[in-house]
Amino acid sequence: MSNDIFFNRFPNSAALKVHFVNEEEVLGHLAGAEVLLCDGKKIIR
């Protein structure tokens, strides 16, 4: 989970689309992100 506005440009959609992004750029924006897990029924921090 990230609150970084960088990810606003990628839509939440059921349609499959590919977005190629530079790895270094993405990793920089994920630096403060949290890992969330889903057990199929609920999301766990």
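Shown above is the structure to which this text applies.
What counts and what doesn't
- Residues numbered from 1 in each chain as written.
- Predicted model: local features only at pLDDT ≥ 70, side-chain atom pairs only at ≥ 80, totals over all residues.
- Heavy atoms only, no water.
- Helix = DSSP H or I, 4+ residues; strand = E, 2+ residues; numbered from the N terminus.
- Buried < 20%, exposed > 50% of the residue type's maximum accessible area, 1.4 Å probe, protein only.
- Phe/Tyr/Trp six-rings, centres within 6.5 Å; stacked < 30°, edge-to-face > 60°.

S.K.: Mind showing me how you'd approach the environment of Lys41 here?
M.R.: Mapped onto the secondary structure, Lys41 falls in the loop between β1 (37-38) and β2 (43-44). Separated by 26 residues in the primary sequence, Lys41 and Ala15 have C-alpha atoms spaced 23 Å apart.

S.K.: What is the right way to look at the environment of Val18 in this model?
M.R.: Following the sequence through the fold, Val18 ends up in the segment before α1 (23-29). Judged by its relative accessible area of 64%, Val18 falls in the exposed class. Placed 12 residues apart in sequence, Val18 and Phe6 show a C-alpha to C-alpha distance of 16 Å.

S.K.: Is there a simple way to think about the environment of Ala31 in this case?
M.R.: Position of Ala31 relative to the elements: it lies in the loop between α1 and β1. Separated by 10 residues in sequence, Ala31 and Val21 place their C-alpha atoms 16 Å apart.

S.K.: How should I be thinking about the packing of aromatic side chains in this particular structure?
M.R.: One pair of aromatic rings is described through two measures. These are the centre distance and the angle between the planes. Taken as a whole and assessed by the stated rule, the structure comprises two aromatic pairs. On the basis of an interplanar angle of 85 degrees and a centroid distance of 5.0 Å, the ring pair of Phe6 and Phe7 is categorised as edge-to-face. Residue class for Phe7 comes out partly exposed when judged on its relative accessible area of 25%. Plain terms: the ring middles of Phe6 and Phe10 are 5.8 Å apart, the flat faces sit at 65 degrees to each other, and that makes the pair edge-to-face. The buried category is assigned to Phe6, whose relative accessible area is 5%. Overall, Phe10 belongs to the partly exposed group, its relative accessible area being 21%.

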